[in-house]
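Chains, contacts and geometry: an overview
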Amino acid sequence: MYTIRMVSGNDAQALLDIYSQYIKTPITFEYTLPSREEFQSRIRETSREYPYLVLEQDGQIVGYAYAHRRGERAAYRWCAELSVYLDQNSRGKGLGRQLYQTLFALLRLQNIQSVYACITVPNPRSIGLHRSLGFEEAGRWPKAGYKNGGWHDVLWMMKEIGPHPDIPAPFRPIREIPPEEIARILREAAR
């Protein structure tokens, strides 16, 4: 059985273990694995304002996904950038989709209108996941990063998850969302 919950302070090492599976690939542009303390700091910083989800199978963490601010300027408050990472043995089971759909529901409570994904090319699995969820190509940065002996393009994809009203409701940090609303969405995500 799979469950999705909000990240806790004790999750850093398990998430770092999953992230370590990507560090030698161009999927992430980091060259070296962050320390546990650095990763904990990143989790803490991100989860102050945005949802940071953990996916468990029978009590073991097999994936995670989170949203973060897309840009620093005030006008960007209604959009977010998303990331998802799955343990290698958990790919191809629809778990990335499940994490993203849960993120979408939480982000709507925060009044987020559009979400973005930054994908190193080639990455057909990630592109396929995003297309299947209704993301569209929004731009491409040719030769944006150098890793593993080669230059890699970055593909930006986006999806509208809100109606983009003429006057949007203010952004709500995740900490301001009533816990019972978050709990309801997480219960609905369990399978």
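So, a few notes on the structure that sits alongside this text.

What counts, and at which threshold
- Residues numbered from 1 in each chain as written.
- Predicted model: local features only at pLDDT ≥ 70, side-chain atom pairs only at ≥ 80, totals over all residues.
- Heavy atoms only, no water.
- Helix = DSSP H or I, 4+ residues; strand = E, 2+ residues; numbered from the N terminus.
- Rg over C-alpha atoms; globule rule 2.2 N^0.38 Å.
- Contact = heavy atoms within 4.5 Å.
- Areas by Shrake-Rupley, 256 points an atom, 1.4 Å probe, with all protein chains shown as cover.
- Lys, Arg positive; Asp, Glu negative; His and termini not counted.
- Charge placed at Lys NZ, Arg CZ, Asp CG, Glu CD.
- Salt bridge = Lys/Arg side-chain N within 4 Å of Asp/Glu carboxyl O.
- Buried < 20%, exposed > 50% of the residue type's maximum accessible area, 1.4 Å probe, protein only.
- Pairing = 2+ DSSP bridges.

Structural notes on the overall build of the protein
Helix and strand counts for the protein come out as five helices and seven strands. Beginning at the N terminus, the succession of helices and strands in the protein can be written as β-α-α-β-β-β-α-β-α-β-β-α. Taken over the C-alpha trace, the protein has a radius of gyration of 16 Å; the compact-globule value for 191 residues is 16 Å, and the two agree within 12%. C-alpha extents for the protein along the principal axes are approximately 45 × 40 × 30 Å. For the protein, long-range pairs separated by at least 24 residues make up 68% of all intrachain contacts whose partners lie at least 6 apart in sequence. Summed over its atoms, the accessible surface of the protein is roughly 10000 Å², and 50% of this surface lies on carbon and sulfur atoms. Side-chain charges in the protein split into 25 positive and 21 negative, and the spacing between the mean points of these groups amounts to 3 Å.

Quick notes on the pattern of salt bridges
This structure, assessed with the given rule, holds 10 salt bridges. Arg5 serves as the salt-bridge partner of Asp11, at 2.8 Å between the closest nitrogen and oxygen. When its relative accessible area of 5% is taken as the criterion, Asp11 is described as buried. Using a relative accessible area of 22% as the deciding quantity, one classes Arg5 as partly exposed. Between Arg77 and Glu49 there is a salt bridge, and its shortest N-O distance comes to 3.1 Å. Of the two residues, Arg77 is situated in the loop between β3 (60–69) and β4 (79–86) and Glu49 in the loop between α2 (36–47) and β2 (52–57); the sequence distance between them amounts to 28 residues. With a relative accessible area of 23%, Glu49 lands in the partly exposed category. Via salt bridges that share partners, Arg5, Asp11 and Glu56 belong to a single interconnected network.

A few points about the pairing of strand β6 (residues 136–147)
Looking at chain direction, β6 and strand β7 (residues 150–160) are connected through eight bridges and run antiparallel. Within the sheet, the bridge partner assigned to Arg140 lies in β7 and is Leu155. Where β6 hands over to β7, the hairpin turn is made up of two residues, of which Asn148 adopts a positive phi near 55 degrees.

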